[in-house]
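One-letter residues, chain by chain:
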Amino acid sequence: MNVEHERNAVLRERLIDAGADRAALAQLESPWRSHGILVQCVFFFLTCVGIAALYGLCNVLGIPGEGVVVGIAAIALAEYLIGVRRWLGTGVEAALWIGGLVAMITELPSSGKPEAMLVFAAAFAIAGVRVRNPIFGAAAAIFVVVYAEKKLDLGVIAALVMATVAILALLRTWRRPSTEWLWIVLAVALPVAGRLTADDQWYRVTIVLYAAFGLLALVLAFVKRHHALFFAAAAGLAISGIDIGHRIATPLEAKLAMAGASLLAISWLVARLLRERTSGLVATPVKLTQADEAMEVAGALGAAHLSRAEPSQTDATRPHGEGGFGGAGASGDY
Amino acid sequence: MLSFEPELTRLRPLLGDARTDALIARERRENFSIYPELRICAWVGAMLIATAAGIVVTKNFERIGPLAIAVMIGIAAAACYAWVWWRRKSASLVDDFVLLLGALLLSADAGFIETQFHLLGDDWHRHFLILAIAHGAAAYAYRSRMVMSLSISALAAWLGIEQKTFATYEDPIAFATRAAICAAILLVWRALNRVEEFAPLFEHFASVLLLSAGLAMTFENETRTLGCMGTIAVAALVIAWGFRTRREAFVLYAFIYAVIALDILLVSFFDEDALALFVIVGTAIGSIVALIAIHSRFRELRA
């Protein structure tokens, strides 16, 4: 997919949201088949199931080198779909590429060395570049972070360096939307991934580094007005704040209540300050993604989690004064 | 940064000056709304306070005593409802989450009171029904979808629908029956409902419950075939509803449920692993092809 096709596809979606008519949309035709994020996820899931079943089938049939066989078949099919059928951004070709590479990796002897992380990083990077998938790019970076932690004990540094590069990269104008999205995912996901690798002995350094990263991202967010920079700042400052909170000898509930009240107060204050504004930074309702309906679905799916921490509905002999409480969102235990 | 200014300038004759200027202003970030950030911030704040309230209750139960705790939480919940009611004419985006916090505190308080004082005796689980009614009334009074979802959750809890029952395969038939009853109640509620923004909530909850009910029946040998057929039939209805209402989410998750049910049904006919895996490969390919056709048709309808 060349730059023009990629830009046309993204702009077309934006113009559909803006209510543009067919004549304008007709100028933005792209020969590529691609889908929205929700549909991509479904196709990705179904394709992964198919690849896993094919791998299992080859294994059961005793076909030698089943990983290589499945890998070659999957990648060949992906290339056919991309090259001949012009599929990119459907979810199918992405699953075929990454599934194929992972299937091939299973044929490598397991050594248990940290370098294995680099093999997975390479697989995700190759697949990410080929199908221009930012999530694969972020996954590759996360494997590099894990490698840096295992090999050099520098997971946090590696994550924050890459995240900083990403937020700086977001300052310039990119032609390809997929490149922009890669930087966005890296800027938001890597600070979180880095924190998961942090050692307790370096907590002061961790707090300082995350606070510095968060403040840098926040300043840039206000200067450049970019949602991803706000979220990167939130990630950095939240991690730093949580780590500071762990070191303060105040009851957890007091810290949570203060943090919660502060966030509510900040939101209220900022919304109030921006209420009359019509230009610059404003607080008018906008959709960040097309996932409003997906939120509803998530809420519906959450129905299955209804009373997980609540007293059993069939437990009529529950002892007095014991057990959990709650319902419809709040729960606890004694 | 991304900027589509060159393309928008080129399309100006087709888009019109007003729309083009507005879109270019957005590209240049002359108007930049931090509404999503503020909503997330407020939501996190409400969740933290609700969590803190739960911990306060747990840790100070012995020291403060149950009556004082129940009164404190009740006052806090009432304060949240009162705050939002008082500000309803000049509501800000934060008020939604203050209301949510109030509803969560009310849930916690109701559960706590029932746990400690046993007002309902052996019918203790009826406090979920009371919560469902209270949250439902609040949802209509404040027109809040989030509170309505809590009401539906409480209703389902009252009917005894638990994730652990479904996930651990404990009495899946009972789960399926309860889920089906809950879905039926939601569909009736949907028919009586006069607030348009609540309708999708009822529809999604009812769909997921019905599909889960069908899938739960597949966990038992005696009801497996019936469960698979039921899931596929309900999925077909949900997909048709998705087409009718132009909501693709219905189509997508119903399709996934249908594929899972079909796999279970077909695999149950084969004892050999190789044949079962072959079937799964086949259904995966078939389902991708079918979904492509469904998605294309959906796009045509929406165009």
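Bear in mind that the values here come from a model prediction, so they are computed numbers and not experimental data.

A. Inspection of the overall build of chain B at higher detail. When its secondary structure is counted, chain B shows 14 helices and one strand. Taking 2.2 N^0.38 as the reference for a compact globule, 303 residues should give roughly 19 Å; the C-alpha atoms of chain B span a radius of gyration of 25 Å, well beyond that estimate. Over its C-alpha atoms, taken along the principal directions, chain B stretches across nearly 65 × 60 × 35 Å. For chain B, with 303 residues in total, the buried portion stands at 54%. With an accessible surface of roughly 13,700 Å², chain B has 65% of that area assigned to carbon and sulfur atoms.

B. View of the overall build of chain A. Along the backbone of chain A there are 13 helices and three strands. For chain A, with 334 residues in total, the buried portion stands at 43%. A sequence separation of at least 24 residues applies to 61% of the contacts in chain A between residues at least 6 apart.

C. A look at the side chain of arginine 29 of chain B. Within the secondary structure, arginine 29 of chain B is located in the loop between α3 (17–27) and β1 (31–33). One buried charge, arginine 29 of chain B, has no salt-bridge partner; the nearest side chain with opposite charge is glutamate 180 of chain A, at 5.0 Å. In this structure the side chain of arginine 29 of chain B is engaged in a polar contact, spanning 2.4 Å, whose partner is the backbone oxygen of arginine 225 of chain A. Sequence-distant contacts of arginine 29 of chain B, that is, excluding residues within four places in its chain, are made with Lys224, Arg225 and His226 of chain A together with Met1 and Leu2 of chain B.

D. Region of the structure containing the environment of methionine 229 of chain B. You can see methionine 229 of chain B is positioned in helix α12 (residues 224–245). Along the primary structure methionine 229 of chain B and threonine 218 of chain B are separated by 11 residues, whereas in three dimensions their C-alpha atoms are 9.5 Å apart.

E. The arrangement of the domain arrangement of chain A in detail. Residues and elements named next belong to chain A. Taken as a whole, chain A is organised into domain 1 (1–11 + 28–108) and domain 2 (120–275). For domain 1 and domain 2, the distance between their C-alpha centres works out to 29 Å. Across the contact, 16 residues belong to domain 1 and 16 residues belong to domain 2. Around 1,500 Å² of area is buried between domain 1 and domain 2 when both sides are counted, 71% of it from carbon and sulfur atoms. Ranking the residues of domain 1 by area buried against domain 2 places Glu6, Arg7 and Ile98 at the top, with a combined share of 31%. Close ionic contact of arginine 130 with glutamate 79 constitutes a salt bridge, the shortest N to O distance being 2.8 Å. In this assembly, domain 1 and domain 2 are joined by four residue pairs in polar contact (both at pLDDT 80 or more). Secondary structure elements with two or more residues in the side of domain 1 that touches domain 2: α1 (3–17), α4 (66–83) and α5 (92–105). Counting residues per element, the side of domain 1 that touches domain 2 draws most heavily on α5, which supplies six residues. Along the lines of polarity and charge, the residues of the side of domain 1 that touches domain 2 split into 11 nonpolar, one polar and four charged.

F. Focus on unusual backbone geometry. If you check the backbone angles, arginine 225 of chain A has positive phi at about 55° while not being a glycine. When its relative accessible area of 24% is taken as the criterion, arginine 225 of chain A is described as partly exposed.

G. Spatial organisation of the interface of chain A and chain B. The partner chain B presents 105 residues to the 108 residues of chain A that form the contact. Together chain A and chain B conceal approximately 9,000 Å² of surface at their shared face, both sides included; 69% is due to carbon and sulfur atoms. For glutamate 7 of chain B, the salt bridge identified is with arginine 7 of chain A, shortest N-O distance 2.6 Å. Of all the elements, helix α3 (residues 37–60) of chain A adds the most residues to the side of chain A that touches chain B, at 14 residues. Per-class residue counts for the side of chain A that touches chain B are 58 nonpolar, 29 polar and 21 charged. Note that strand β1 (residues 280–282) of chain A and β1 of chain B share three bridges and pair parallel.

H. Spatial organisation of the nonpolar core. Ranked by size, the top nonpolar core spans 92 residues in total, and within it Ile167 of chain A together with Leu101, Met148, Ile152, Cys182 and Leu186 of chain B carry the most contacts. Ignoring anything within four residues of it in the chain, the contact list for isoleucine 167 of chain A reads Ala187, Phe213, Leu216, Ala217, Leu220, Leu229 and Ala232 of chain A. Val92 and Leu101 of chain A together with Val234 and Tyr257 of chain B belong to the second-largest nonpolar core, a separate cluster that totals 56 residues.

I. Fine view of the pattern of salt bridges. Residue and element names in this part refer to chain A. The tally for this structure, following the rule as stated, stands at 19 salt bridges over all chains. When the shortest N-O distance is used, the salt bridge between glutamate 115 and lysine 151 registers 3.0 Å. Of this pair, glutamate 115 sits in helix α6 (residues 115–131) while lysine 151 is found in helix α7 (residues 134–152), placing the two residues 36 residues apart along the sequence. One network of salt bridges, with partners in common, ties together Glu6, Arg132 and Arg176.

The rules behind each value
Residues numbered from 1 in each chain as written. Chains lettered and ligands numbered in written order. Predicted model: local features only at pLDDT ≥ 70, side-chain atom pairs only at ≥ 80, totals over all residues. Heavy atoms only, no water. Helix = DSSP H or I, 4+ residues; strand = E, 2+ residues; numbered from the N terminus. Rg over C-alpha atoms; globule rule 2.2 N^0.38 Å. Buried < 20%, exposed > 50% of the residue type's maximum accessible area, 1.4 Å probe, protein only. Areas by Shrake-Rupley, 256 points an atom, 1.4 Å probe, with all protein chains shown as cover. Contact = heavy atoms within 4.5 Å. Lys, Arg positive; Asp, Glu negative; His and termini not counted. Salt bridge = Lys/Arg side-chain N within 4 Å of Asp/Glu carboxyl O. Polar contact = N/O pair within 3.5 Å; in protein donor to acceptor, adjacent residues only side chain to side chain. Domains from an automatic or database assignment. Buried area = accessible area lost by both parts, 1.4 Å probe. Nonpolar A, V, L, I, M, F, W, Y, C, P; charged D, E, K, R; others polar. Pairing = 2+ DSSP bridges. Core = buried A, V, L, I, M, F, W, Y, C linked by side-chain atoms within 4.5 Å.

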